[in-house]
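For reference, the chains in residue letters:
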Amino acid sequence: MDFDLTSEQLSIQKAAREFAEGEFDIDLVQELEMKREFPWEIWKKSCKLGFVGMDFPEEYGGQGYGLFEAILVHEEFCRKAATFGMVVSGVPFGSRIILKNGTEEQKQKYLIPMTKGEMISAGAFTEPDRGSDLTSLSTIARKEGKDYIINGTKTFTTMAGNANFIIVLCQTDPEAKPGYKGQSSIIVETDRKGIEISKFETMGWRTLGTTEVSFTDVRVPEENLIGRENRGFYQSLDFLNEYRALVGAIATGIAQGAFDRALKYAKEREAFGRKIGEFQAIQHKLAEMATKIETARLLTYKAAHDLDKGVVDPKLCSMTKWFTARVAAEVADEAIEILGGHGYMTENEVERFYRDARALELVEGTREIQKNTIARILLGKLR
């Protein structure tokens, strides 16, 4: 398959690279990481220039491009600094469910302010005692008149601490067999009574904020239901297939960023009277890293290309997420090895690339979950 970029795609890629180079100041990245603060100014500028929601339709504040163009931006941003770059994917997280399944009123109310830089969304799927298993939930949304009353707890909810609204996957039919056929997606504004949000201290992703969200008798109107009742599980799967291609771009960008710094160091650092890049052991590391990155990029491009064509292949999406996340972690780890003790120092950035890469193997389904999906499809047990 030919992935030669068009002139317009090359312009988007260049614009994203120039923005990241100009705005993602390393001192600012390190400062906000230490403070665990969200990069508000970067977010505002990203929205103003159209990088956030790039593949959303123009009538909802987007640029009207495809997922392929969006991943070009993700890759370039995360190549410079993933902790800032993931703002582009993190801010609209979960809102794609509104885009695909919401009413026109919901799209106008939530998507336009989000792409303008006036709102942030989050998605709450994972539960403390269930992890990657979305087939059964403890978070219940009980119908009372024209409202839903929500009780339960969601965990590992990225961005919720900064979000204006959260798309919450709830059990709306406790009697459904199997249970996932009774799940629904509901929009919950974070200023509603009964919501409690607590932040975790995490190894990476420090500027985004990872949280636990508790719902105690949270009342939301029925118009906050996204799509049909009891279709939330299927909406979530559709969303995750698309988002796994975006994770591929994040992972590829992280891997490329770590590689860039390792390559530069190998060309400059001297040991035993020679540049360390002249040693075969280092050369082999660089060769393997570059090959893995190129493979990850091609897999990501294919997944995004197919999704833009309307071809949804859960196997390919799971392959993309699992493989690219593993590559990001492996390449970042090798970059630390090449820099030696210097790679462990924050000023050389590669330790941050590793910390951010490692999280990718855990979110949106662990690598074991991705392998399960791939294998079941190959064996004809999942259609």
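Within each chain, residue numbers correspond to sequence positions counted from 1 in written order. Predicted model: local features are reported for residues with pLDDT of at least 70 only, side-chain atom pairs are reported and counted for 80 or more only, and whole-chain, interface and lining totals are derived from all residues. By convention in this description, side-chain values take in all heavy atoms of the structure and omit both hydrogens and water.

Peer 1: What am I meant to see in the pairing of strand E5 (residues 183-189) here?
Peer 2: The two faces of a sheet get side chains in turn, since along a regular strand they alternate between them. Here E5 lies mainly inside the structure; 7 of its 7 residues are buried. Here, a strand pair is defined by DSSP locating no fewer than two bridges between the strands. The helix count covers DSSP runs of H or I at least four residues long, the strand count covers runs of E at least two residues long, and both are numbered beginning at the N terminus. Across 7 bridges, strand E4 (residues 165-171) lies against E5 in antiparallel orientation. Each residue of the ladder has a partner; that of Val-168, found in E5, is Ile-186. Only protein chains enter the accessibility calculation, which uses a 1.4 Å probe. A residue is then buried if its area is under 20% of the maximum for its type, exposed if over 50%, and partly exposed in between.

Peer 1: Looking at this structure, how should I read the packing of aromatic side chains?
Peer 2: The geometry of an aromatic ring pair is captured by two quantities: the separation of the ring centres and the angle between the planes. Note on aromatic contacts: the rings of Phe and Tyr and the six-membered ring of Trp form a pair at centre separations within 6.5 Å, being stacked when their planes are under 30 degrees apart, edge-to-face when over 60 apart, and tilted otherwise. Under the defined criterion, the tally for this structure stands at 21 aromatic pairs. Consider the rings of Phe-93 and Phe-125, whose centres lie 6.2 Å apart with planes at 80°: the pair is edge-to-face. Pair noted here: Phe-93 is in the loop between helix H5 (87-90) and helix H6 (95-101) and Phe-125 is in the loop between strand E1 (121-124) and strand E2 (140-144), with a separation of 32 residues, a long-range link. Both residues of the pair, Phe-93 and Phe-125, belong to the buried class. Here the aromatic rings of Phe-233 and Tyr-234 are separated by 5.6 Å at their centres, their planes lie at 85°, and the arrangement is edge-to-face. Residue class for Tyr-234 comes out partly exposed when judged on its relative accessible area of 29%. Cluster of aromatic residues (ring-pair linked, three or more members): Phe-19, Phe-24, Phe-51, Phe-77 and Phe-84. Should the NZ of a Lys or the CZ of an Arg lie within 6 Å of a ring centre and within 35 degrees of the ring normal, that charge is described as sitting over the ring. One Lys or Arg, Arg-274, reaches over the ring of Phe-279 and ends 4.5 Å from the middle of that ring.

Peer 1: I'm lost on empty space enclosed by the protein in this one. Help?
Peer 2: If you roll a probe as big as a water molecule over the atoms, it shows you where there is empty space left. Cavities and pockets are defined on a 1 Å grid built over the protein atoms alone: a cavity is a set of grid points where a 1.4 Å probe fits but cannot escape, while a pocket is an open set with protein on both sides within 12 Å along at least five of seven lines, and lining residues are those with an atom within 4 Å of any such point. Grid points are joined across faces, edges and corners, and a volume is the space filled by probe spheres set on the points. One pass over the structure, following the stated rule, counts 2 cavities of 30 Å³ or more. Computed from the structure, the largest cavity encloses a volume of approximately 50 Å³. Every residue along the wall of the largest cavity is listed here: Phe-51, Val-52, Gly-53, Met-54, Asp-55, Phe-56, Ala-70, His-74, Val-88, Ser-89, Pro-92 and Arg-96. Residue assignment for the lining of the largest cavity shows that the elements contributing at least two residues are helix H4 (67-85) and H5. Polar here means any residue other than Ala, Val, Leu, Ile, Met, Phe, Trp, Tyr, Cys and Pro, which are nonpolar, and Asp, Glu, Lys and Arg, which are charged; Gly is therefore polar. Of the residues contributing to the lining of the largest cavity, the split by class is 7 nonpolar, 3 polar and 2 charged. Of the voids in this model, the second largest cavity is the one considered here, and its volume is about 40 Å³. Residue lining of the second largest cavity: Arg-96, Ile-97, Lys-100, Asn-101, Gln-235, Asp-238, Phe-239 and Glu-242, and that is the complete set. Those elements that place two or more of their residues in the lining of the second largest cavity are H6 and helix H8 (232-268).

Peer 1: Would you explain the pattern of salt bridges in this entry?
Peer 2: Here, a salt bridge means any side-chain nitrogen of Lys or Arg that lies within 4 Å of a carboxyl oxygen of Asp or Glu. Under the definition given, this model contains 36 salt bridges. Among the ionic pairs, Lys-35 bridges to Glu-31, the shortest N-O distance being 3.0 Å. With Lys-35 and Glu-31 both in helix H2 (residues 26-35) and 4 residues apart, this pair spans about one turn of that helix. A residue is classified by how much of its surface remains accessible, and Lys-35, at 47% relative accessible area, is partly exposed. A salt bridge links Lys-100 to Glu-242; the nearest nitrogen and oxygen atoms lie 3.2 Å apart. Within this pair, whereas Lys-100 is found in helix H6, its partner Glu-242 is found in helix H8, the two being separated by 142 residues in sequence. On the basis of relative accessible area, Lys-100 is assigned to the partly exposed category, the value being 46%. Of the residues examined, Glu-242 reaches a relative accessible area of 12% and is grouped as buried. Among the ionic contacts, a cluster of salt bridges with common partners joins Lys-292, Arg-326, Glu-330, Arg-358, Glu-361, Arg-367 and Glu-368.

Peer 1: How do you make sense of the environment of Gly-248 when you look at a structure like this?
Peer 2: Residue placement: Gly-248 occurs in helix H8. Residue class for Gly-248 comes out buried when judged on its relative accessible area of 0%. Along the backbone, Gly-248 and Gly-123 are 125 residues apart, and their C-alpha atoms lie at a distance of 19 Å. When sequence neighbours within four positions are dropped, the list of residues in contact with Gly-248 reads Thr-300, Thr-320 and Thr-324. Residues count as neighbours in contact if any of their non-hydrogen atoms are within 4.5 Å of one another.

Peer 1: Even after reading the chapter, I still don't get the packing of H8 against helix H10 (residues 314-339), so can you show me in this structure?
Peer 2: To describe two helices that pack against each other, one gives the angle between their axes and the distance between the axes. At a minimum axis distance of 8 Å, the contact between H8 and H10 shows a crossing angle of 20°. Between H8 and H10, the crossing angle belongs to the class labelled roughly parallel. Relative to H10, the crossing made by H8 is left-handed. A per-class count over the contact of H8 with H10 returns 19 nonpolar, 6 polar and 3 charged. Orientation is described by axes fitted as lines to C-alpha atoms, over the contacting stretch for helices, and by angles from 0 to 180 degrees between their N-to-C directions. Angle categories are assigned with fixed cut-offs, so that under 35 degrees is roughly parallel, over 145 is roughly antiparallel, 65 to 115 is roughly perpendicular, and the rest are oblique. By definition, any crossing whose near helix is turned counterclockwise from its far helix by less than a right angle is left-handed, and any crossing with a clockwise turn is right-handed.

Peer 1: Just to check I follow, could you spell out helix H1 (residues 7-23) for this structure?
Peer 2: The periodicity of an α-helix, 3.6 residues per turn, causes residues three or four places apart in sequence to face the same way. For a helix, the expected span equals 1.5 Å multiplied by the residue count minus one. Helix length check: H1, at 17 residues, gives a terminal C-alpha distance of 24 Å against a target of 24 Å (1.5 Å per residue), a fit within 8%. The set of residues buried in H1 consists of Gln-9, Ile-12, Gln-13, Ala-16, Phe-19 and Ala-20. Down the axis of H1, the smallest arc covering the buried residues is 130°, so these residues share one side. Facing away from the buried side of H1 by more than 90 degrees, the exposed set consists of Ser-7, Glu-21 and Gly-22. Next to the buried residues of H1 lie helix H3 (40-48), H4 and helix H9 (280-308). The reported arc concerns the directions from the helix axis to the C-beta atoms and nothing else.

Peer 1: Any chance you could explain the nonpolar core here in plain terms?
Peer 2: Most often, soluble globular proteins keep nonpolar side chains buried together rather than apart. Nonpolar cores are built from buried Ala, Val, Leu, Ile, Met, Phe, Trp, Tyr and Cys residues. Side-chain atoms within 4.5 Å join them into one set. By size, the foremost hydrophobic cluster in this structure holds 100 residues, and its most contacted members are Val-91, Ile-150, Ile-186, Val-188, Ile-254 and Ile-338. Of the residues forming this core, the biggest block, 17 residues, is contributed by H8. Discounting residues that sit within four places of it in the chain, Val-188 has contacts with Ile-150, Phe-165, Ile-166, Val-168, Ile-195, Phe-215, Val-218 and Val-220. Ala-16, Phe-19, Leu-32 and Ile-42 belong to the second largest nonpolar core, which has 15 residues in total.

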